Amino acid sequence: MIKRLPDDVVKKISAGEVIENPASCVRELVENSLDAGSTNIKVKLQGGGIDLIEVSDNGCGIPKDEIKLAVERFTTSKISNFDDLKNLKTLGFRGEALYAISQVSLLTIRSNVTDNFEDGWECSFEGGKLNFEGPYSHPRGTTVIVKDLFYNIPVRRKFLMSKREESKRVLNELIMYALWHYNVAFTFQDEEELILELNPGDFGSRVVELLGQDFVEKSLFLSYEDKYMKISGFVSKPETLSITRYLKQIVLLNGRGIKSDQVKKAVFRAYDNPTGNPSFVFRIEISPEFVDFNIHPQKKEVKISTYLRFTEKLTKIITERITNYQSELGASIHVSSLNLVSTPHNQRIHKDAQQLELGEMFPQSQDILPKVEEKGPGANLWQAHNSFIFAQTSSGIMIVDQHAAHERIIYDKLKKRNFSIQSLLFPILVPLTSKEKLMIESYSEILSSFGFEFRYLDENSLVIDKVPSIFKNISREEIKELLDSLDETPELPARLDLFLKTVACKAAVKFGDALSKEEMSTLIDELFTTENPFNCPHGRPTIYFISLEELKSRFER
Ligand code: ADP
Ligand code: MG
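Residues numbered from 1 in each chain as written. Chains lettered and ligands numbered in written order. Predicted model: local features only at pLDDT ≥ 70, side-chain atom pairs only at ≥ 80, totals over all residues. Heavy atoms only, no water.

### Looking at the overall build of the chain
Here comes step 1: Summing up its helical and strand segments, the chain has 18 helices and 22 strands in all.
Here comes step 2: By residue count, 50% of the 557 residues in the chain fall in the buried class.
Here comes step 3: Accessible surface for the chain amounts to roughly 27900 Å². Of this, 52% is attributable to carbon and sulfur atoms. (Helix = DSSP H or I, 4+ residues; strand = E, 2+ residues; numbered from the N terminus. Buried < 20%, exposed > 50% of the residue type's maximum accessible area, 1.4 Å probe, protein only. Areas by Shrake-Rupley, 256 points an atom, 1.4 Å probe, with all protein chains shown as cover.)

In structure tokens, the structure reads:
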């Protein structure tokens with residue numbers, strides 16, 4: 001049988017949609033304080049906000065005869081008609097929050113619109129009904145006190161987490177507002193403990209205060225502005241992805257923190273093949289007519305008009321910032337390896353000999369080497385365990401995985417067809433299985449386009465005469481493995497890519513190969529001319545960076 005629900009049940013249900021827990025209550029109250037133009041907001045909790053939430057501000061205040069009105073449903077001072085919605089400048093507008101809170105708690109509001117303390121007024125409500133009002137001394141501004149949240153909805157109480165967890169949620173909410181409204185002072189007191197005490201500052205200093213110096217050091221700052229939007233924020237430096245332990249992924253849009261898979265995807269796309277998860281904090285301002293907060297009861301999700309092509313733009317902005325950083329970093333390493341005592345003449349001769357030995361290993365290096373030559377190439381470089389290169393940069397130390405880095409260099413050269421072809425002094429004879437014969441037939445064009453020249457000796461064996469010059473030497477087994485890689489993935493683009501990765505892997509210097517200073521220097525220079533110096537083609541990191549700051553803190557300096 002269908003029955004109409006009693007009025008008070010309906011009220012509680014709809015109040016529960018807006019107020020879910022102490023954090024959502026704090027969110028509404030802080031938004032009201034911000035809308036009232038406050039420059040100082042104080043939040044206090046007892047019992048995780050279940051026993052008591054108190055938010056006081058120094059905003060415009062509520063006239064004493066309007067306090068009761070403010071608590072009624074759909075009463076707001078912020079919009080008066082439907083058109084106002086399109087150009088909303090305030091966080092609230094539905095006139096629901098105070099009403100909803102009053103339905104599920106014991107609510108007291110004290111407020112004053114003048115500078116005379118004695119003009120203050122207090123109203124208290126139980127389950128939405130006014131049960132007391134009278135004068136109450138209060139400075140200009142408003143204090144809202146919420147006691148015994150969900151006292152009349154025991155089921156809701158059961159869904160709350162421990163007091164500690166609820167306080168943590170409140171703190172996380174406050175961090176969002178504080179990050180956006182950096183010119184507002186915030187304090188947060190949980191029981192007797194003062195957790196936040198933030199003075200007005202700028203965005204950067206708030207980020208340092210709330211997310212830590214370490215976060216900022218591992219991040220790149222970016223900012224962007226056009227006719228419709230303004231973005232500023234911090235994103236992880238690409239080389240820190242796999243080492244950052246605590247992820248911070250914060251999106252602030254038009255005044256509040258939001259959840260946004262859209263933004264997450266846009267960030268992810270900007271890192272080519274990331275090995276970890278990037279951290280970020282974005283402060284995004286978009287003209288209100290392009291943003292719809294009204295799709296979620298707690299305004300945690302938003303719809304951004306597709307007209308703005310927002311995600312594409314965001315990806316582009318981040319990509320550009322990363323690229324820019326890579327060339328800066330490349331330059332800083334180059335500079336520091338040049339900043340050295342000049343080398344005696346005999347080292348130059350030695351270098352030329354090395355160059356000959358190296359043969360075509362680094363065919364591109366000629367245009368870089370002469371510059372390095374004058375000051376002594378790679379004197380700031382050091383190889384450990386014949387596997388890792390240590391380099392001093394202008395702001396710390398960089399450790400390079402020599403194999404992964406060389407793979408990246410070769411892979412990029414292959415893709416850009418930036419290599420020459422060398423004749424093998426001793427052509428390699430490769431016996432073929434019948435499957436391999438078939439493969440050679442279908443891929444002969446690809447193979448020859450990458451510099452492999454071969455002929456059939458007889459029906460079952462192939463002679464390789466020429467290979468791309470990226471190989472220092474190549475064995476029969478390696479040729480076999482290259483052929484096999486062509487067989488592994490079905491679709492052509494992926495197959496070709498795997499083939500190039502395999503070639504890069506086979507041709508790259510190995511772990512255990514001793515490198516001269518010149519070879520190391522060339523390797524690093526070349527690495528920073530590639531498209532993505534931070535990852536090898538398989539996606540593994542090539543570089544691990546330790547900042548001077550981090551080193552100092554390790555030694556407690
Ligand atoms: P909304 O914020 O959507 O307008 P609320 O129920 O949150 O609705 O608040 C109702 C009204 O009460 C607001 O429009 C505002 O006029 C007034 N108000 C609430 N909190 C404050 C405050 N801290 N300072 C000044 N005015 C307030
Ligand atoms: Mg409000």
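Read on for the rest.
### Describing the pairing of strand β16 (residues 381–384)
Here comes step 1: Sheet analysis places β16 next to strand β17 (residues 388–393), joined by four bridges and oriented antiparallel. Bridge pairing in β17 places A384 opposite F388.
Here comes step 2: Linking β16 back to β17 in an antiparallel pair, the connection comprises three residues, with H385 at a positive phi of about 50°. (Pairing = 2+ DSSP bridges.)

### What to know about the packing of aromatic side chains
Here comes step 1: Inspection of the entire model under this criterion finds 16 aromatic pairs.
Here comes step 2: Among the aromatic residues, ring-to-ring pairing joins Y182, F203, F215, F221 and F234 into one connected group.
Here comes step 3: Across the ring face of F203, the terminal group of R283 is positioned such that the distance to the ring centre comes to 5.9 Å. (Phe/Tyr/Trp six-rings, centres within 6.5 Å; stacked < 30°, edge-to-face > 60°. Lys NZ or Arg CZ within 6 Å of the ring centre and 35° of its normal.)

### Some points on the site of ligand 1
Here comes step 1: Around ligand 1, the surrounding shell holds 19 residues, and the nearest of these are N32, T76, S77, K78 and G95.
Here comes step 2: The side chain of D57 places a nitrogen or oxygen atom 2.9 Å from a nitrogen atom of ligand 1.
Here comes step 3: One nitrogen or oxygen atom from the side chain of T142 is found 3.4 Å from a nitrogen atom belonging to ligand 1.
Here comes step 4: For ligand 1, whose unbound accessible area comes to 530 Å², protein coverage reaches 92%.
Here comes step 5: At the level of elements, α2 (22–35) and α4 (97–103) are the ones that each hand at least two residues to the shell around ligand 1.
Here comes step 6: Among the residues forming the shell around ligand 1, the class breakdown is six nonpolar, nine polar and four charged. (Near = heavy atom within 4 Å. Polar contact = N/O pair within 3.5 Å; in protein donor to acceptor, adjacent residues only side chain to side chain. Nonpolar A, V, L, I, M, F, W, Y, C, P; charged D, E, K, R; others polar.)

### Considerations on the confidence of the model for the chain
Here comes step 1: The predicted model of the chain averages 83 in pLDDT, with 86% of residues at 70 or higher.
Here comes step 2: Taken as a whole, residues 335–376 scores under 50 in pLDDT and shows 59 contacts with residues more than four places along the chain or in a different chain. (pLDDT = per-residue confidence, 0-100. Contact = heavy atoms within 4.5 Å.)

### Concerning the sheet that holds strand β7 (residues 185–190)
Strand pairing within a sheet occurs via backbone hydrogen bonds; the two strands may be parallel or antiparallel.
Here comes step 1: With mixed pairing, the eight strands of this open sheet are ordered in space as β5-β4-β3-β6-β2-β1-β7-β8. One side of each edge strand has no neighbouring strand; the edge strands of this open sheet are β5 (129–135) and β8 (193–198). Direction aside, the axes of adjacent strands within the sheet are offset by 10° on average.
Here comes step 2: Bridge analysis of strand β1 (residues 40–46) against strand β2 (residues 52–57) gives six bridges, and the strand direction is antiparallel. (Axes fitted to C-alpha atoms, helices over the stretch in contact; angles between N-to-C directions.)

### Comments concerning empty space enclosed by the protein
Here comes step 1: With the rule as written, the count across this model stands at four cavities of 30 Å³ or more.
Here comes step 2: In this structure, the largest cavity occupies an estimated 70 Å³ of space.
Here comes step 3: The wall of the largest cavity is formed by I440, L447, F452, F454, L462, I464, I479, L482, L483 and F499.
Here comes step 4: Put simply, the parts of the chain that give the lining of the largest cavity at least two residues each are α14 (434–449), β21 (461–468) and α15 (476–485).
Here comes step 5: Examining the composition of the lining of the largest cavity, we find that three residues originate from one element, α15, more than from any other. (1 Å grid on protein atoms, 1.4 Å probe; cavity = no way out; pocket = protein on both sides within 12 Å on 5 of 7 lines; lining within 4 Å. Points joined across faces, edges and corners; volume = space filled by probe spheres on them.)

### Re the nonpolar core
Here comes step 1: Of all hydrophobic cores here, the largest spans 54 residues; its most connected members are L29, V30, I109, V146, F186 and V281.
Here comes step 2: Looking at this core element by element, the count peaks at seven residues for helix α6 (residues 163–180).
Here comes step 3: For I109, the residues in contact, after removing those within four places along its chain, are I62, I67, V71, L98, W121, E122, C123, F125, T142, T143 and V144.
Here comes step 4: If you look at the next biggest cluster of nonpolar residues, it comprises 48 residues, including V235, I258, V267 and L527. (Core = buried A, V, L, I, M, F, W, Y, C linked by side-chain atoms within 4.5 Å.)

### Remarks on the packing of helix α13 (residues 402–415) against helix α16 (residues 492–507)
Here comes step 1: The interhelical angle for the contact between α13 and α16, taken along N-to-C directions, is 130°, at an axis separation of 8 Å. Put simply, α13 runs oblique to α16. At the point where α13 passes α16, the crossing takes the right-handed sense. Residues H403, H406, E407, I410, Y411, L414 and K415 of α13 touch α16, and the partners they reach there are D497, L500, K501, V503, A504, C505 and A507.
Here comes step 2: A per-class count over the contact of α13 with α16 returns eight nonpolar, two polar and four charged. (Parallel < 35°, antiparallel > 145°, perpendicular 65-115°, else oblique. Left-handed = near helix turned anticlockwise from the far one by under 90°.)

### Section: the sheet that holds strand β22 (residues 543–547)
Here comes step 1: Strand order in the open sheet made by the four strands is β16-β17-β18-β22, with antiparallel pairing throughout. Strands with a single pairing partner mark the edges of an open sheet, and in this sheet they are β16 and β22. For this sheet the average axis-to-axis angle between neighbouring strands, irrespective of direction, equals 20°.
Here comes step 2: As judged from the five bridges shared by strand β18 (residues 396–401) and β22, these two strands associate in the antiparallel manner.

### Concerning the packing of α6 against helix α7 (residues 203–211)
Here comes step 1: Packing of α6 against α7 leaves a shortest axis separation of 9 Å and a crossing angle of 155°. The orientation of α6 with respect to α7, classified from their angle, is roughly antiparallel. Where α6 approaches α7, its residues I175, A178 and L179 are matched on the opposing element by F203, R206, V207 and L210.

### Quick notes on the pattern of salt bridges
Here comes step 1: This structure, assessed with the given rule, holds 20 salt bridges.
Here comes step 2: Two residues, D148 and R157, come together in a salt bridge whose shortest N-O distance is 3.9 Å.
Here comes step 3: Among the residues examined, D148 registers a relative accessible area of 32% and is labelled partly exposed.
Here comes step 4: Judged by its relative accessible area of 32%, R157 falls in the partly exposed class.
Here comes step 5: We note a salt bridge from R554 to E550, for which the minimum N-O separation is 3.6 Å. With R554 and E550 both in helix α18 (residues 548–554), this residue pair falls four residues apart, about one helical turn. (Salt bridge = Lys/Arg side-chain N within 4 Å of Asp/Glu carboxyl O.)

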